[in-house]
Amino acid sequence: MIRTATVTVTAAAVLALVGAAPAPAAGSVAAANDPVTVQLTVTGPAGTVFSDEVTTTGHTVSPLTGGAQLCDGTNGGANPEPGATPTAALDDAAQQNGFTWDGVWYTSFDDYLVTQIDGITQTADEFWLISVNGTATPVGGCQYLVSDGDEVAFTWTEID
């Protein structure tokens, strides 16, 4: 029971830090929700879970148990126009390739904290880090808009 509380507090702390940063510049992404193709890589503690191109748009995503929510970059007022996001790309890849993902929806952030991919669940000491083009996203995975050709990664990461 204590471990669960620690994970929840850690998850909230990560979202608080992520939610405080500015969103990417609007001019750096595709026009209002045009499909984009990104290179998506999911790396777990034992190696690569998934690595391939994914064509995606911003859309309602459906985690294993977290409840379906809109995930199109307009979340939390991050961007004025909808578009493709890292979490939408993960959702499309999971549906098309037979693995699952799950997350906790935080209404106050209008975003998910991804807590599980392909059965690998965050702990008090590890979590799924989202990065685009090698840099951790400054906002949540439903708030960050991605462009055609971006390299999106969900990486199993130890909390320092």
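These figures come from a predicted structure and were not determined experimentally.

Quick notes on the rules
- Residues numbered from 1 in each chain as written.
- Predicted model: local features only at pLDDT ≥ 70, side-chain atom pairs only at ≥ 80, totals over all residues.
- Heavy atoms only, no water.
- pLDDT = per-residue confidence, 0-100.
- Contact = heavy atoms within 4.5 Å.
- Pairing = 2+ DSSP bridges.
- Helix = DSSP H or I, 4+ residues; strand = E, 2+ residues; numbered from the N terminus.
- Axes fitted to C-alpha atoms, helices over the stretch in contact; angles between N-to-C directions.
- Expected span 1.5 Å × (residues − 1).
- Buried < 20%, exposed > 50% of the residue type's maximum accessible area, 1.4 Å probe, protein only.
- Polar contact = N/O pair within 3.5 Å; in protein donor to acceptor, adjacent residues only side chain to side chain.
- Core = buried A, V, L, I, M, F, W, Y, C linked by side-chain atoms within 4.5 Å.

A short note on the confidence of the model for the protein chain
Here is step 1 of the chain: Per-residue confidence for the protein chain gives a mean pLDDT of 86; residues scoring 70 or more make up 81%.
Here is step 2 of the chain: Here residues 1–30 is a poorly scored stretch, pLDDT under 50, and it has 42 contacts once near neighbours within four places are set aside; other chains count.

Overview of the sheet that holds strand S5 (residues 101–106)
Here is step 1 of the chain: An order of S5-S6-S7 is seen for the three strands of this open sheet, with the pairing classed as antiparallel. Strand pairing shows two members of the sheet lacking a second neighbour, S5 and strand S7 (120–121), which therefore form its edges.
Here is step 2 of the chain: Where strand S6 (residues 111–117) lies against S7, two bridges are found, and the strand directions are antiparallel. Residue pairing for S7: isoleucine 117 is matched across the bridge by isoleucine 120.
Here is step 3 of the chain: Along the sheet, helix H2 (residues 86–97) makes contact with S5 and S6, crossing S5 at roughly 145 degrees.

Overview of H2
Here is step 1 of the chain: In this model, H2 (twelve residues) spans 16 Å end to end at C-alpha, consistent with the 16 Å of a helix rising 1.5 Å per residue.
Here is step 2 of the chain: Counted residue by residue, H2 has nine buried out of twelve residues, so it is predominantly covered.
Here is step 3 of the chain: Looking at H2, one finds that the buried residues are Pro86, Thr87, Ala88, Ala89, Leu90, Asp91, Asp92, Ala93 and Ala94.
Here is step 4 of the chain: One or two steps after H2, the chain reaches glycine 98, where phi turns positive at roughly 70 degrees.

Here's the deal with the sheet that holds strand S1 (residues 36–44)
Here is step 1 of the chain: Strand order in this open sheet of five strands is S2-S1-S10-S8-S9, and the pairing throughout is mixed. Each having just a single partner strand, strand S2 (47–56) and strand S9 (135–136) make up the two edges of the open sheet.
Here is step 2 of the chain: Sheet topology note: the S1/strand S10 (residues 151–158) ladder contains five bridges and is parallel. From the neighbouring strand, glutamine 39 faces S10, where its bridge partner is glutamate 151.

Looking at the environment of aspartate 111
Here is step 1 of the chain: Summarising the element assignment, aspartate 111 is placed in strand S6.
Here is step 2 of the chain: If we skip the residues at most four places from it in the chain, aspartate 111 touches Val104, Trp105, Tyr106, Gly140, Gly141, Cys142 and Gln143.
Here is step 3 of the chain: Within polar-contact distance, the side chain of aspartate 111 engages the backbone nitrogen of glycine 141 at 3.4 Å.
Here is step 4 of the chain: Separated by 3.5 Å, the side chain of aspartate 111 and the backbone nitrogen of glutamine 143 make a polar contact.

Things to note about the nonpolar core
Here is step 1 of the chain: Among the nonpolar cores identified, the biggest contains 31 residues, and Ile117 and Phe154 are the most heavily contacted of them.
Here is step 2 of the chain: The set of elements that each furnish at least two residues to this core consists of S1, S2, H2, S5, S6, strand S8 (126–132) and S10.
Here is step 3 of the chain: The element that contributes the greatest number of residues to this core is H2, accounting for five residues.
Here is step 4 of the chain: Filtering out sequence-adjacent residues up to four positions away, phenylalanine 154 remains in contact with Leu40, Thr41, Val42, Thr43, Pro86, Thr87, Leu90, Val114, Ile117, Trp128, Leu129 and Ile130.

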